[in-house]
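# Structural overview for review
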Amino acid sequence: MAAIEIHQLYKRYGAFSALENINLSIHPGEFFALLGPNGAGKTTLISILAGLTLATSGHAKIMGHDVVSDYVNSRRNLGVVPQELVFDPFFTVREALIIQSGYYGIRKNETWIDEILHRLDLTAKADTNMRALSGGMKRRVLVAQALVHKPPVIILDEPTAGVDVELRQALWFFVNQLNREGHTIVLTTHYLEEAEALCHRVAMLKQGKIVALDSIRNLINGIQGCSIQLRLSSEALPPILQEWPGSRHEGLHIFKIKDYFQVETLLAILRSEHIQVLEMQLQQPDLEEVFIKIMGAESSDVS
Ligand SMILES: Nc1ncnc2c1ncn2[C@@H]1O[C@H](COP(=O)(O)OP(=O)(O)OP(=O)(O)O)[C@@H](O)[C@H]1O
């Protein structure tokens, strides 16, 4: 059974198509990234999975439970950390978590609440009123709220947007731990290096369609060649190198190379032109390069 199963899902707002024929199966225990530029449809998809928005057509299931016809059970299996900082300013952190537990019919949840507070480094703030918390602390409470019912599937919608480096690392350490303990994690983020470091597989959404769905390794391997960054003793390039594919950035020459033999060719040309290499760095393709390439290409639906 898939942790998340999405079949021929469409969402339209009038004539506008926010999601088009989404088909996706996320396995239990996966750490999955949902990527796409602003407005691609990520939050809409998450809202449908959380039962907050109705799809125009198609189906979605969480741990085998349909998000519409079996809403209670699908919601019990899902924890969502929303993008917006929404909270009730009248309660303390602990009270907010007790109330959230009540939504799931859980009465005695103190032990687990204490554990999440501890793991999110919120224990000292447990009795602080929500309105007195910093933005970063509120973000931690949102994560805690999503976990009160110990859901096997956790979706995080841009949890690190506007968050400082320390909290970002603490959050990822925690989410990684949850994943190792068996939770399925789905993450949306605009920080591609974050997705690359954490996730196994990725779906890229563009204008409501899935335009790439593969492991991060396969997507990166699909990019041919790499580039070599050089700082040279001469700013001007000899004519033979002006033809070489590449670019310039802040005094650095970036040469595209198809394979490592080309490095030798490039260095031999520089030597024969009496140009010295002052700095050299090899750049392997990364997820960002894949993303830019896919988002720049004409839409091709892979679902
Ligand atoms: N209630 C609505 N009525 C009309 N259009 C909507 C509504 N909600 C979302 N949309 C549109 O659907 C598209 C997808 O929006 P969505 O918020 O899902 O994108 P996103 O990928 O989450 O973007 P971001 O990265 O900015 O959060 C957008 O063009 C948005 O304007």
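Residues numbered from 1 in each chain as written. Predicted model: local features only at pLDDT ≥ 70, side-chain atom pairs only at ≥ 80, totals over all residues.

You'll find the protein chain entered in an unreviewed UniProt entry as ABC transporter ATP-binding protein, with Nitrosomonas communis given as the organism. Under the Sequence similarities (unreviewed entry) heading, UniProt states for the protein chain: "Belongs to the ABC transporter superfamily." (UniProt positions renumbered as here; feature names shortened; annotations may be inferred.)

## Structural notes on the pairing of strand β1 (residues 4–13)
As judged from the five bridges shared by β1 and strand β4 (residues 57–62), these two strands associate in the antiparallel manner. By the bridge assignment for β4, His7 is matched with His59. Strand direction decides the pairing type here: β1 and strand β2 (residues 16–26), joined by seven bridges, are antiparallel. In the sheet register, Tyr13 faces β2, and the bridge partner there is Phe16. Counted along the chain from β1 to the antiparallel partner β2, the turn is two residues long, and its residue Gly14 has a positive phi close to 60°. (Pairing = 2+ DSSP bridges. Helix = DSSP H or I, 4+ residues; strand = E, 2+ residues; numbered from the N terminus.)

## Observations concerning the sheet that holds strand β14 (residues 277–283)
Taken in spatial order, the four strands line up as β12-β13-β11-β14 in an open sheet, and their pairing is antiparallel. Bordering the open sheet on either side are β12 (246–249) and β14, each of which pairs with just one other strand. Sheet twist, expressed as the mean angle between neighbouring strand axes with direction ignored, is 20°. Here strand β11 (residues 226–232) pairs with strand β13 (residues 252–257) via five bridges, running antiparallel. Paired with Leu230 across the strands is His253, a residue of β13. Running at roughly 140° to β13, helix α10 (residues 261–272) makes contact with β11, β13 and β14 of the sheet. (Axes fitted to C-alpha atoms, helices over the stretch in contact; angles between N-to-C directions. Contact = placed C-beta atoms within 7 Å.)

## Points about unusual backbone geometry
Of note, the phi angle at Gln8 is positive, near 45°, even though the residue is not glycine. Positive phi values are uncommon outside glycine, yet Met63 reaches one of about 45°. Inspection of the secondary structure puts Met63 in the loop between β4 and β5 (65–66). Met63 gets classed as partly exposed once you count the C-beta atoms within 10 Å, which come to 19. (Buried ≥ 20, exposed ≤ 12 C-beta atoms within 10 Å, placed from the backbone.)

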